[in-house]
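What follows is the residue order along each chain.
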Amino acid sequence: MGLFGRKNDDEAPAASGDLATLTGDYTIDPAHSTLGFTARHAMVTNVKGKFDEFSGELHLDGSDPSASTASLDIVMASIDTGSADRDGHLKSADFFRTDEFPAMTFRSTKAESLGGDDYRVTGDLTILGTTKPISIDLEFNGAAKDPFGNERVGFEGKAELLRSEWGITWNAALETGGVLVSDKIKLSFDISAIKKG
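Residues numbered from 1 in each chain as written. Predicted model: local features only at pLDDT ≥ 70, side-chain atom pairs only at ≥ 80, totals over all residues. Heavy atoms only, no water.

## Considerations on unusual backbone geometry
Residues other than glycine seldom take positive phi values, yet arginine 97 does so here, at roughly 45°. Within the element layout of this structure, arginine 97 appears in the loop between helix 2 (84-91) and strand 7 (103-115). One non-glycine residue with positive phi stands out, namely leucine 128, at about 55°. When you line up the elements, leucine 128 lands in the loop between strand 8 (118-127) and strand 9 (130-145). (Helix = DSSP H or I, 4+ residues; strand = E, 2+ residues; numbered from the N terminus.)

## Topic: the pattern of salt bridges
For the coordinates displayed, the defined rule picks out ten salt bridges. Taken together, the shared-partner salt bridges connect Asp29, Asp146 and Arg152 into one network. (Salt bridge = Lys/Arg side-chain N within 4 Å of Asp/Glu carboxyl O.)

## As for a nonpolar patch on the surface
Where nonpolar side chains cluster on the molecular surface, the patch consists of Met43, Val44 and Val179 and spans about 270 Å² of accessible area. Locating methionine 43 in the fold gives a position in the loop between strand 2 (34-41) and strand 3 (45-51). In this structure methionine 43 comes out as partly exposed when scored by relative accessible area, which is 47%. (Patch = residues over 30% accessible without salt bridge, like charges linked within 9 Å, V, L, I, M, F, W, Y side chains within 5 Å. Areas by Shrake-Rupley, 256 points an atom, 1.4 Å probe, with all protein chains shown as cover. Buried < 20%, exposed > 50% of the residue type's maximum accessible area, 1.4 Å probe, protein only.)

## Thoughts on the confidence of the model for the protein chain
Looking at the protein chain as a whole, its pLDDT mean stands at 88, while 89% of the residues score no less than 70. Counting interchain partners and residues more than four positions distant, the pLDDT-below-50 stretch residues 1-17 has 40 contacts. (pLDDT = per-residue confidence, 0-100. Contact = heavy atoms within 4.5 Å.)

Right under this line is the structure:
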């Protein structure tokens, strides 16, 4: 089914699931959203982290999904990998240089339906002052009215990037061969957004 007709597991229509209701402008709810990433460490394991502070806006167009847009602003100093020492290193000049570049931004340039509940949003990702295109594959999770009367929509997404393309090249060689931190970074998104009144 399309973006505005997703059915729940019991095959009942999603709450407020008609096009006229869901088309509009939304604000991402950071308290119920997660922006995560995964990097390969020492060639043997994955280290996961997330950003705790961010804001974003969505415009959904039910009649023409290609007219939908998304923007995201992430506070780089809010990085959290569960290790204060590692977080400090990531904020340093070796990686994100958060004193000089406090934010990472995404601005969509294209949206397309891939069929069913699957969509792809392409846009400009800016890190360390370098802007390059990236595509994010999204799955629409549904829509509902929460107990406080907010109209919500939800999406899950994923993307991959090579950090070296944004000038993040620090690494350390391993005695056994390979490097300490992978160039490829996997991004994950779990987004809940509230419709503006």
